[in-house]
Amino acid sequence: MLAGFCEELMRTGPPITRAAAAIITRMETGSVTSQGSLDRAIALARAALRDHPICFWTREPHAPLETRDDVALVVRRLRQQGSAAAWRAAVEVERCL
């Protein structure tokens with residue numbers, strides 16, 4: 001699913017490198033996490049939402065952030081819309097997944 005998105009983004013969207021597309025694709029195929037690391041990932045993702053609001057301009061302010069898929073979306077938006085600091089935050093969140 002996301003691989004097609006990355007290919008489409010590379011053709012029509014803002015510049016994205018093949019390396020970035022590979023990272024985003026790997027993010028979607030990660031393994032299931034334990035609840036402890038998911039809780040940490042959710043906490044870090046909430047901090048990223050607060051610290052990098054420009055990356056989430058399309059997100060509803062009160063949208064839930066409760067599942068691995070929600071966290072994966074935060075990581076994806078940090079990488080697609082963010083600065084170097086947002087990318088570093090994405091790496092930290094993704095380490096918990």
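Here goes a summary of the coordinates provided. (Residues numbered from 1 in each chain as written. Predicted model: local features only at pLDDT ≥ 70, side-chain atom pairs only at ≥ 80, totals over all residues. Heavy atoms only, no water.)

So, on to the environment of Ala-86. Along the chain, Ala-86 turns up in helix α5 (residues 84–95). Counting along the chain gives 32 residues from Ala-86 to Ile-54, while the straight-line C-alpha distance between them is 9.9 Å. Filtering out sequence-adjacent residues up to four positions away, Ala-86 remains in contact with His-52, Cys-55 and Leu-78. (Helix = DSSP H or I, 4+ residues; strand = E, 2+ residues; numbered from the N terminus. Contact = heavy atoms within 4.5 Å.)

It is characteristic of soluble globular proteins that their nonpolar side chains tend to be buried jointly. Leu-65, Val-71, Val-74, Leu-78 and Val-93 are the most contacted members of the largest nonpolar core, which has 20 residues in total. With seven residues, helix α3 (residues 35–51) is the largest single contributor of residues to this core. Those residues in contact with Leu-65, other than ones at most four positions away along the chain, are Ile-42, Ala-45, Arg-46, Leu-49, Arg-59, Asp-70, Val-71 and Val-74. (Core = buried A, V, L, I, M, F, W, Y, C linked by side-chain atoms within 4.5 Å. Buried < 20%, exposed > 50% of the residue type's maximum accessible area, 1.4 Å probe, protein only.)

With 14 residues, helix α4 (residues 68–81) should reach 20 Å at 1.5 Å per residue; the first-to-last C-alpha distance of 20 Å fits that figure. The set of residues buried in α4 consists of Arg-68, Val-71, Ala-72, Val-74, Val-75, Arg-76, Leu-78 and Arg-79. (Expected span 1.5 Å × (residues − 1).)

A word on α5. With 12 residues, α5 extends 17 Å from end C-alpha to end C-alpha; this agrees with the ideal 16 Å at 1.5 Å per step. Every buried residue of α5 is accounted for by Ala-86, Ala-89, Ala-90 and Val-93. The arc enclosing the buried residues of α5, seen along the axis, measures out at 105°, which places them on a common side. When the buried face of α5 is taken as reference, the exposed residues oriented beyond 90 degrees from it are Arg-88 and Arg-95. (Arc of directions from axis to C-beta.)

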